[in-house]
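# Architecture at a glance
Okay, here's what each chain looks like letter by letter:
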Amino acid sequence: WEYLHASEPEAAPRAVLQDAWGLTPDRIYHDAGAPDAATAPCADLFVLSPECTKFSRRRHGRDAHLIADGAVDADAVMPYVRAARARVVVFENVDEPDAVSAITQSLSTISAYFWRTQALSPETHAGLPARRERRFFVGILRPYAPQWA
C-alpha cells in the first residue's frame, strides 16, 4: 500500500511522517479540517483519530461546554470524509457516551457512506492488561459497500 497524505500540526511528527512514509511536505496538511486537506488525493482507506481529551472522563473540569467543544472539534476534521474521497473510513475516538453521541450525529449527516460502529477494548479483545476502550466507526462508500450493507 501507499501512504498518500497525512495531517499533523507539530513539526517533529511531520518529520517522522516524511521520513517513514516518504511524504512530501505538501502532502502533510497542518489541519485535517482545512480546505486543502479536503481535496487531498482519493484513498482506499482513510483513518481519522481526532483529539479526544475534551470527551475523556479523565479530563478534570469536564462539563457540557467542553463536551460541546469536543463535538465541534471532531466535526471540524471531517471535510475529506464529507467530500467522499475515501472508499473506507475508520474514525477512532474514546468510547464515552458523549463522544459516541456527537460523532454518530456528525457521521449520520454523511450519507455517502454506510456506517457501522463498535467499541473495542485492549483487555477484552486482545488480552492486553490495559483499560482504554476505544470506539471505532467504519464507513464504506456506498458504491463499494457489500450487499449486506
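Heads up: the structure comes first, above all this text.
Attention here is on the structure that accompanies the text. It should be emphasised that the depicted structure is a prediction, and the values quoted were computed from it without experimental measurement.

A few words on the overall build of the protein chain. The helix and strand inventory of the protein chain stands at 6 helices and 6 strands. Listed N to C, the secondary structure of the protein chain is β-α-β-α-β-α-α-β-α-β-α-β in terms of helices and strands. Computed over its C-alpha atoms, the radius of gyration of the protein chain comes to 16 Å, within 12% of the 15 Å expected for a compact globule of 149 residues. With the C-alpha coordinates aligned to their principal axes, the bounding extent of the protein chain is approximately 45 × 40 × 35 Å. In the protein chain, which comprises 149 residues, the share counted as buried stands at 36%. The long-range share in the protein chain, meaning contacts at least 24 apart out of those at least 6 apart in sequence, stands at 61%. About 9000 Å² of surface is accessible on the protein chain, with carbon and sulfur atoms providing 55% of the total.

What follows deals with the packing of aromatic side chains. Ring pairs (aromatic) are described by centroid distance and by the angle formed between their planes. What the rule picks out here adds up to 6 aromatic pairs. An angle of 35° between the planes, with centres 5.8 Å apart, marks the rings of Trp1 and Tyr3 as tilted. Centre to centre, the rings of Tyr3 and Trp21 are 4.9 Å apart; their planes meet at 35°, and the pair counts as tilted. Of this pair, Tyr3 sits in the segment before strand 1 (6-7) while Trp21 sits in helix 1 (residues 11-21), placing them 18 residues apart in sequence. Residue Tyr3 is classed as partly exposed on the basis of its relative accessible area, which comes to 26%. One aromatic cluster is present, formed by Trp1, Tyr3 and Trp21 through successive ring pairs.

So, on to the sheet that holds strand 6 (residues 134-141). One open sheet holds the 4 strands; their spatial order is 3-4-6-5, and the pairing between them is mixed. Bordering the open sheet on either side are strand 3 (43-48) and strand 5 (113-120), each of which pairs with just one other strand. For this sheet the average axis-to-axis angle between neighbouring strands, irrespective of direction, equals 15°.

Here the focus is the environment of Val89. Summarising the element assignment, Val89 is placed in strand 4 (residues 86-94). Apart from the residues within four sequence positions on either side, Val89 is in contact with Phe46, Val81, Tyr113, Trp115, Phe137, Val138 and Gly139.

Among the nonpolar cores identified, the biggest contains 29 residues, and Val81, Tyr113 and Trp115 are the most heavily contacted of them. Contributions of two or more residues to this core are made by strand 3, helix 3 (64-76), helix 4 (79-82), strand 4, helix 5 (97-108), strand 5 and strand 6. Apart from residues lying up to four places away in sequence, Val81 is in contact with Phe46, Leu48, Val89, Ile110, Tyr113 and Trp115.

Rules of the game
- Residues numbered from 1 in each chain as written.
- Predicted model: local features only at pLDDT ≥ 70, side-chain atom pairs only at ≥ 80, totals over all residues.
- Heavy atoms only, no water.
- Helix = DSSP H or I, 4+ residues; strand = E, 2+ residues; numbered from the N terminus.
- Rg over C-alpha atoms; globule rule 2.2 N^0.38 Å.
- Buried < 20%, exposed > 50% of the residue type's maximum accessible area, 1.4 Å probe, protein only.
- Contact = heavy atoms within 4.5 Å.
- Areas by Shrake-Rupley, 256 points an atom, 1.4 Å probe, with all protein chains shown as cover.
- Phe/Tyr/Trp six-rings, centres within 6.5 Å; stacked < 30°, edge-to-face > 60°.
- Pairing = 2+ DSSP bridges.
- Axes fitted to C-alpha atoms, helices over the stretch in contact; angles between N-to-C directions.
- Core = buried A, V, L, I, M, F, W, Y, C linked by side-chain atoms within 4.5 Å.

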